[in-house]
Amino acid sequence: MNPQFTLTIIYLSIILITQNLNANQDIYDWNTFPSDFGGVGLMQTPTARFAQDGTLIWGASNASPYNRLYVGMTILPWVEGVIRYTEIENRLYSKSKAFSGNQSAKDKSADIKIGLTQEGKYMPQIAIGLRDIGGTSDYGAEYIVANKKWNNFDFTVGLGYGLMSRRSNIKNPLSLISSKFKTRGTTTGGIGGTLNTDLWFKGDEVTLWGGLKYQTSIPNLSLKLEYDPNDYKDESGVEKQVIEVDSPFNFGIDYLLFDSFYISANIERGNEFSLNVSKPMNFSKQFGTKNFIPGRENLFARNRVYFKDIDPQTRKKLVDNIIIQMANEGLATHSVIFNKDEIIVEISQNRFRSTISAVDIANRILAYNAPINIKYLTVNNLDFGMTNFSSTIERDKLVDLVSSGPLQEDEIYINDNQTNYQSSDYYENPYMYPHYEWSIRPTVRSVLGGPDGFLLWQLQAKLHTIISFRKGLYLETELHQKIKDNFNKWTLPSDSDIQHVRTDMRLYWKTGDLTLARMQLDYLFQLSPNFTGRISAGYLEEMFGAVGGEMLYYDPDKRWAFGVNAYKARQRGFRQKFEFQDYEVLTGHATFYYQLPFYNMTFKASAGRFLAGDKGVEFDLSRRFNNGVEVGARFALTNLSAAEYGEGSFGKWVYGNIPMDIFSFRGTRDRTFFEWAPLVRDGGQKLKTGKDLYVMMKNPHVELSDENKTEKHWTVSKVLAGFHRGKP
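Residues numbered from 1 in each chain as written. Predicted model: local features only at pLDDT ≥ 70, side-chain atom pairs only at ≥ 80, totals over all residues. Heavy atoms only, no water.

Comments concerning the pattern of salt bridges
What counts is decided by this rule: Take a side-chain nitrogen of Lys or Arg and a carboxyl oxygen of Asp or Glu: if they are within 4 Å of each other, that pair is a salt bridge. In this description a helix means any DSSP run of H or I spanning at least four residues, a strand means any run of E spanning at least two, and both kinds are numbered starting from the N terminus. Here the term buried applies to any residue with accessible area under 20% of the maximum for its type, exposed to any over 50%, and partly exposed to those in between, with areas from a 1.4 Å probe on protein chains only.
Scanning the entire structure with this criterion turns up 39 salt bridges. The partner of Asp111 in a salt bridge is Arg84, and the shortest N-O contact between them spans 2.6 Å. Taken together, the positions of Asp111 in strand S4 (residues 104-117) and Arg84 in strand S3 (residues 79-92) put the pair 27 residues apart, joining distant regions of the chain. Residue Asp111 is classed as buried on the basis of its relative accessible area of 10%. In this structure Arg84 comes out as buried when scored by relative accessible area, which is 3%. The closest approach of N and O atoms between Arg184 and Glu142, which form a salt bridge, is 2.8 Å. Of this pair, Arg184 sits in the loop between strand S8 (170-171) and strand S9 (205-215) while Glu142 sits in strand S6 (residues 141-150); the two residues are 42 residues apart in sequence, bridging distant segments of the chain.

Below, the structure written as structure tokens:
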């Protein structure tokens, strides 16, 4: 998996525990506790229920010999996904005892469940699902399940295939449709990573199973019972296990602890006590503190004079006052422009993720200081020297609106084009450039589930600096100082048969205590309001230095965007100082972006040449939730064969991007990014280039307000109706 994933989850868990992000009654559902596998269910069996849209649950369960860590999420109201790591106590890591040492076997898996019907007066809720859908599918299973509520009872009936068919009490009903469903294929073993469709819903006999859950009169407490479809006589297709079973019935209790944690205590197989502890969070309903929303204010005009009547010295004093007041609110002023009856300010800021809050504060400062002839207030937001948002409001309208509360997004006019201010009175901030900023913080990186140890970790101090020479020209540097690690256990070399662009990560992380992880010079520019570009050079990441650039076409009024990039990259030395290795590659991609007209989803397709020289395409689908959290999945298909790619067969990743202001008591635009992959391989890997032009240009628009309302209503014609966004 991606090395940063595990510790990121632990870090965010600690934050969630200490913040007021509880699973309150508006989020908690008594019949949507996770099963031992992480998806909504009873104990060993799933149900057709789904947690509320946007709910993420991470937790751990144990039912010997299985210890599981999982992350599950309701990606759409009718789609649930689960990623899971399983420790198998009664098996070694591999068939070779010398290789395994004392480490037990580990299994990585992913599940998906899709809702088919909603519950009605007579109609049950029905879902279909797949467990362990990729890899070797040693523990693969498929099911169709239905649920129906009656008073305080929730009844479950399901039909199980694969590992959920071991009790084999009925013939496979799908064999009536085709005789092909009678024979189940074999697991892939070997390199795995493919979707084993020849296994799905196949087998001569299947198991009809069921269960129920009862909501007691005791608050937050429910009871559950299930018939386990697995007899545990044929666990794992690679190496058989002996698991004692005294009863096919499992029973347990579910309890919501401290209005925050899901606790499940169960008796399984008639002889095994199991525990399941998890933490839910809802990305559609939980927004953190609201302390950084501007309040009501009665504004008055401070300067009762006309701008044309102000002498140069007083004009400078006026501009300085605006710059200082902006700075006091966390807004950095690039310039102040007086254009007839309009005043324009160019700002950059990292205090407010919500664009409207920054615009509100800036407009209030302008309204307070502007001469009496000013009728219009314009705020331009700049990120790394590029204007990515511009809005205008009438001064009198603003004064009236903020007297009753914060400015709302529908009360400003969003400008389509940048205005040429060369003939206006243009005052640049003389204190803006050059500018230097730095931060130092501890970071932890890790490797989970590898053959050298279940958890390998390294504690670092990371020094991050930015030197801003002028608008658009920036030098970013990262230095990493090792503090403590257990990487001495990390000895297994890469087995990749292609260029080691990522699988030599062990050598990069173990070689040297002080490393220059990044030193990147960027020049960002705008050819027009819709065409932006970047030229970059330097040590762009830990493993590669490069020279190249990117161009992007982005119009906020259209759903689509298009970008191209190209870089001449060279692999760095393992010490991460200034030396390079011999390997060079010309890498680049053309990328098409499309914002789908439902559920705030974005589709990306990239085609080009990857770091290892392989050529192909990458597809990416992500969703942005109401509180700004983004989750997505991507996969790359290249001209490498499955054997050339190695274990996993092709590149696939799941990622998340979390705004940190939902955990903070102060405003910030900072985000935490994490990514998970079943395995780190060399195929389908892109160069890490730092700033993402598309994200930079899009975010001020999609984050205009704190709560990004989910677009739910859609039709086929809406999906196919051209590329113009219009208004949702």
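There is more to say after this.
Things to note about the sheet that holds strand S17 (residues 386-394)
Stated formally: Two strands are counted as paired when DSSP detects at least two bridges linking them. Contacts are assigned to residue pairs that have any heavy atoms within 4.5 Å of one another. What counts as an axis is a line fitted to C-alpha atoms, over the stretch in contact for a helix, and the angles between N-to-C directions run from 0 to 180 degrees.
In spatial order, the strands read S18-S17-S16-S15-S14-S19; together these six strands make up an open sheet with mixed pairing. This sheet does not close on itself; its edge strands, each paired only once, are strand S18 (413-414) and strand S19 (425-428). In this sheet, strand S15 (residues 342-349) lies alongside strand S14 (residues 331-339) in antiparallel orientation, the contact comprising eight bridges. Paired with Asn339 across the strands is Glu342, a residue of S15. On the sheet, helix H4 (residues 355-369) packs against S14, S15, strand S16 (376-383) and S17 and is oriented at approximately 135° with respect to S16. Against the sheet, helix H5 (residues 395-402) touches S16 and S17, its axis set at about 85° to S17.

Examining the environment of Phe625
Within the secondary structure, Phe625 is located in the loop between strand S29 (615-624) and strand S30 (630-638). Residue Phe625 is classed as buried on the basis of its relative accessible area, which comes to 0%. Counting along the chain gives 24 residues from Phe625 to Met601, while the straight-line C-alpha distance between them is 9.0 Å.

A word on the packing of aromatic side chains
Pairs of aromatic rings are described using the distance from one ring centre to the other and the angle between the two planes. Definition in use: Working definition: a ring pair exists when centres of Phe, Tyr or Trp rings (six-membered ring for Trp) sit within 6.5 Å. Plane angles under 30 degrees give stacked, over 60 give edge-to-face, the rest tilted. Two limits define a charge over a ring: the Lys NZ or Arg CZ must be within 6 Å of the ring centre, and within 35 degrees of the ring normal.
Taken as a whole and assessed by the stated rule, the structure comprises 28 aromatic pairs. Geometrically, the ring pair formed by Phe487 and Trp490 is edge-to-face, given 5.1 Å between the ring centres and 70° between the ring planes. On the basis of relative accessibility, which here comes to 2%, the residue Phe487 falls in the buried class. On the accessibility criterion, Trp490 (8% relative accessible area) is buried. A connected cluster of aromatic rings, assembled from ring pairs, spans Trp150, Phe153, Phe155 and Tyr214. For Arg131, the ring lying beneath its charged end belongs to Phe37, and the centroid distance is 3.7 Å. Taking the ring centre of Trp653 as reference, the NZ or CZ of Arg634 above it sits at 4.1 Å.

Some points on the side chain of Gln576
The condition is simple: Polar contact is the term for a pair of N or O atoms within 3.5 Å; when the atoms are in protein, one must be able to donate a hydrogen and the other to accept it, and sequence-neighboring residues count only if both atoms are side-chain atoms.
Within the secondary structure, Gln576 sits in the loop between strand S26 (560-572) and strand S27 (580-595). Within polar-contact distance, the side chain of Gln576 engages the backbone oxygen of Tyr508 at 2.7 Å. Leave out the neighbours within four places in its chain, and Gln576 touches Tyr508, Thr515, Leu516, Ala517 and Glu542.

Considerations on the packing of H4 against H5
Short version of the rule: Left-handed describes a crossing whose near helix is turned anticlockwise from the far helix through less than a right angle; right-handed describes the clockwise counterpart. Note on residue classes: Ala, Val, Leu, Ile, Met, Phe, Trp, Tyr, Cys and Pro are nonpolar, Asp, Glu, Lys and Arg are charged, and everything else, Gly too, is polar.
At a minimum axis separation of 10 Å, H4 and H5 run at an interaxial angle of 115°. By crossing handedness, the relation of H4 to H5 is classed as left-handed. Contact residues: H4 offers Asp360, Asn363, Arg364 and Ala367, while H5 offers Arg395, Leu398 and Val402. Taken together, the residues that form the contact of H4 with H5 break down as three nonpolar, one polar and three charged.

Overview of the pairing of strand S31 (residues 651-659)
Here S31 lies mainly inside the structure; seven of its nine residues are buried. In this structure, S30 lies alongside S31, joined through seven bridges in antiparallel fashion. Note that in S31 the partner of Glu630 across the bridge is Asn657. Pairing geometry for S31 and strand S32 (residues 671-676), over six bridges, is antiparallel.

Describing the environment of Ser357
Considering the arrangement of structural elements, one finds Ser357 in helix H4. Spatially, the C-alpha atom of Ser357 lies 7.5 Å from that of Leu407, the residues being 50 residues apart in sequence.

Here we look at H4
Where we set the bar: Every helix has an expected span of 1.5 Å times one less than the residues it contains.
Relative to the 21 Å expected for 15 residues at 1.5 Å per residue, H4 spans 22 Å between its end C-alpha atoms, a close match to the ideal helical length. The buried count for H4 comes to 14 of 15 residues, which makes it a mostly enclosed element.

Description of the confidence of the model for the chain
For clarity, the cut-off: Per-residue confidence from the predictor is reported as pLDDT, a score between 0 and 100.
In this model, the chain carries an average pLDDT of 86, and 88% of its residues clear a pLDDT of 70 or more. Ignoring residues within four places in sequence, the model shows residues 1-12, a span with pLDDT below 50, making 40 contacts including any to other chains. Low pLDDT (under 50) marks residues 707-728, which in the prediction has 49 contacts with non-local residues, meaning those over four places away or in another chain.

A look at a nonpolar patch on the surface
This is how the line gets drawn: Patches draw on residues past 30% relative accessible area with no salt bridge. Two like charges within 9 Å are joined, as are two nonpolar side chains (Val, Leu, Ile, Met, Phe, Trp, Tyr) within 5 Å. Throughout, the Shrake-Rupley method with a 1.4 Å probe supplies accessible areas, and for residues the shown protein chains are the sole cover considered.
Together, Trp78, Ile112, Ile114 and Leu116 make up a nonpolar patch on the protein surface, roughly 330 Å² of accessible area in all. The residue Ile114 is located in strand S4 in this model. With a relative accessible area of 32%, Ile114 lands in the partly exposed category.

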